[in-house]
Amino acid sequence: MLRNIDEGVLIALESLRVNKLRSTLTILGVVIGVATVMTMASIVEGIRTQVFNAVNAAVPNVFYVMRWFGATPFDPSNPPYEVRIRPVLTENDAAAIARAPLVRHAALWCRFSSRIEFEDSRTQITEVWGSDERFIELQGGTLLAGRLFAPSEVRTGAPVTILASDVARSIFGRLDPVGRYVRMGNRALQVIGIWHPPDNAFRQPGATTGAFVPYRMAKGSFRFDETRELFVVVLGDLSVSVGDVRDQATVALRRFRGLRPGLPNTFDTITQDQMLQMVDRLTGAFFLVMIALSGVSLLVGGIGVMAIMMVSVTSRTREIGTRKALGATRQESLWQFLVEAATLTLVGGSIGILVGLGMGEVMKAGLAIDARPPLWSAAAAVVVSIAIGLGFGLYPANRAARMDPVEALRHE
Amino acid sequence: MSDLVIHVVDLVREYQMGAERIQALRGVSLEIRRNEYVAIMGPSGSGKSTMMNVLGCLDTPTSGEYWLAGQEVSRLSDDALARIRNREIGFVFQTFNLLPRATALQNVELPLVYGGVGGRDRRDRARRALERVGLGNRMDHRPNELSGGQRQRVAIARALVNEPAILLADEPTGNLDSTTSADVMRVFDRLQTQGQTIVLVTHEAEIAAHADRVVTLRDGRIASDLRQDRTRAA
Ligand SMILES: Nc1ncnc2c1ncn2[C@@H]1O[C@H](COP(=O)(O)OP(=O)(O)OP(=O)(O)O)[C@@H](O)[C@H]1O
Ligand SMILES: [Mg+2]
């Protein structure tokens, strides 16, 4: 049966060539449907990759402990009951976690927003991390100039800061920032180092990390959401899985908080995998909607293919009769038109893949996310477009297969 | 018995047209032996094409028996009939029925495609069939690059390529002028000398004169069945 594929493919390509307009309209639905899926897959995969990189810019055995981790947003000034009953994380919590044997390091960190100003220039509101001397080790990137926080500066919450290199460039220009003072809010902070963020970190416009300061400095001088912007960053022993470390940290914090067995945790732990899962859940819903929408265009495309195949079968009735006279069985006649239909939709699907790739490039430039369609989406597009051809080609092909040879040969 | 290529007994073919029942064949019995050259004649509507369709296994009789090369084929399934057409029957149509997009060679290869013959063997056999009809130098031409007579010779090569038990031609010269008709008939004559069994339908006495037996149908019955000395062009 497979021996007739080449012929069906050639006939389909020929009819595409001869009836350019008709064929283009026919496969347009398939093109749009496939391109939509490809584009969406690019966006979702791009976001996912970036979250992954952001999370992974850190060491793989890093995870976080938070007061609450969930997908549903809420008003930070009035958190829901199940959030309110949980205590806010403290440095003592972090210390308790740090005492677990497999934990190499644990510290309370926070995030807040501020402009960073130097003389007359200032940045947009940017994200600032309150952290400790191991920020780069845990979050990635490199120190371009100056130094990290000294342990004493972390301990006392000294008014010092390390600026991201792009922030430093935008407010200092050609001046050497190290040693000079910037303002954040009403605080003057001495720049002690310049940090180059990891290349692939999650860098949405306006959400870049602009600087970091000692945690205690941040705690004393800035306001932040103690549910979602306050967390313990935990570095586990590399020799064991992050899950094992997380279990130990959980036990340690439960014991420290005096939770009897059977009581639920009063905190959440978030590994990188869980973060990705959450992103997947969010993007998955989005993705489903897009699949439904592109399903409609694929349906339209499929019906178009069915129509054009009906035309093809009718206009080639004599040919069908001739082939039957020469020995084509029903199955062989069926197959001939299925191959033709599948070729049409595969051409549509291939164009859709190219359009999707193009859209991915456009978005990469426009949205500054790395939107490259994943391989699986191209493979799926190929499979789906062939399947549409086979599915919607079945009715016309079956008509050809059931034709009576005498009638078909007599057809004008 | 082994000499008998076609043996039909009391063949009836009825068509139902609404309430009316049309009998295109009303009990035809006929024997055709190997290497016979039979012309079927008769007025329009006498059942010639119906007869050819049944003999070619494109159609099945309403009643009667049909033995083709020793096998009873009047009650076979569609697919079994397709196989028989592929192996035992070579068709030549009045309107050639070549695939317009395919070259002469590809057209001739088609029965071999359905016969499961592949690759080099297929090309070689198709090439030899084209050489037998004198078109060895036109293999890569498409039908619209060939004259009517040449097209019909391609169709004959296509009918021959599977070495069928019988070659069936329904008015093969009906669309040709007298010179090209003569070309085509020369091909039939030569094939018959080489051992091919041939049945052809024609309205023209000059064409029928090539055969060594003329069967005349009238109203779905055999009116006469005569042997004759054939006339052959030089
Ligand atoms: N599909 C059909 N449905 C109904 N009647 C048919 C059908 N095919 C043929 N007939 C009838 O059967 C009879 C024989 O037709 P057939 O085509 O065999 O004649 P023919 O001898 O080949 O005529 P011609 O010389 O005009 O080709 C005619 O009366 C025709 O109308
Ligand atoms: Mg006829």
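Residues numbered from 1 in each chain as written. Chains lettered and ligands numbered in written order. Predicted model: local features only at pLDDT ≥ 70, side-chain atom pairs only at ≥ 80, totals over all residues. Heavy atoms only, no water.

With that settled, the discussion passes to the confidence of the model for chain B. Summarising the model, chain B shows a mean pLDDT of 94, and 97% of its residues fall at 70 or more. As scored by the predictor, the complex reaches a pTM of 0.71 and an ipTM of 0.95. (pLDDT = per-residue confidence, 0-100.)

Before going further, it helps to examine the sheet that holds strand β5 (residues 71–72) of chain B. All names here are of chain B. Here we have 4 strands laid out as an open sheet, ordered β2-β1-β4-β5, and antiparallel in their pairing. Strands at the two margins of the open sheet, each flanked by one partner only, are β2 (20–33) and β5. Here strand β1 (residues 4–17) pairs with β2 via 11 bridges, running antiparallel. Residue pairing for β2: I6 is matched across the bridge by I32. (Pairing = 2+ DSSP bridges. Helix = DSSP H or I, 4+ residues; strand = E, 2+ residues; numbered from the N terminus.)

The interface of chain A with chain B comprises 23 residues on the first partner and 21 residues on the second. Both sides together, the interface formed by chain A and chain B hides about 2,100 Å², and carbon and sulfur atoms give 55% of it. In this assembly, chain A and chain B are joined by 8 residue pairs in polar contact (both at pLDDT 80 or more). Of all the secondary-structure elements, those providing two or more residues to the side of chain A that touches chain B are α1 (5–18), α11 (317–325), α12 (330–367) and α14 (405–410) of chain A. At 6 residues, α11(A) tops the list of elements feeding residues into the side of chain A that touches chain B. When its residues are assigned to classes, the side of chain A that touches chain B shows 7 nonpolar, 5 polar and 11 charged. (Contact = heavy atoms within 4.5 Å. Buried area = accessible area lost by both parts, 1.4 Å probe. Polar contact = N/O pair within 3.5 Å; in protein donor to acceptor, adjacent residues only side chain to side chain. Nonpolar A, V, L, I, M, F, W, Y, C, P; charged D, E, K, R; others polar.)

On to the environment of F118(A). All names here are of chain A. With respect to the element layout, F118 can be found in strand β3 (residues 117–118). F118 sits in the buried class, given a relative accessible area of 7%. Taking C-alpha positions, F118 is 81 Å from T317, a pair spaced 199 residues apart along the chain. Apart from residues lying up to four places away in sequence, F118 is in contact with I171, F172, L175, R180, Y181 and V182. (Buried < 20%, exposed > 50% of the residue type's maximum accessible area, 1.4 Å probe, protein only.)

This part takes up a nonpolar patch on the surface. A surface patch of nonpolar side chains, about 410 Å² in accessible area, is lined by L21(A), L25(A), L28(A) and I32(A). Mapped onto the fold, L25(A) is located in helix α2 (residues 20–57). (Patch = residues over 30% accessible without salt bridge, like charges linked within 9 Å, V, L, I, M, F, W, Y side chains within 5 Å. Areas by Shrake-Rupley, 256 points an atom, 1.4 Å probe, with all protein chains shown as cover. Salt bridge = Lys/Arg side-chain N within 4 Å of Asp/Glu carboxyl O.)

Residues and elements named next belong to chain A. By the criterion of burial, strand β1 (residues 62–66) is predominantly enclosed, with 5 of the 5 residues buried. Burial along β1 is two-sided: V62, Y64 and M66 and F63 and V65, pointing in opposite directions, are all buried. For β1 and strand β11 (residues 230–236), the ladder comprises 5 bridges, and the chain directions are antiparallel. Opposite V65, over in β11, you have V232 as the bridge partner. Pairing analysis gives 3 bridges linking β1 to strand β12 (residues 268–270), with the strands arranged antiparallel. When the bridges of β12 are listed, M66 appears paired with D268.

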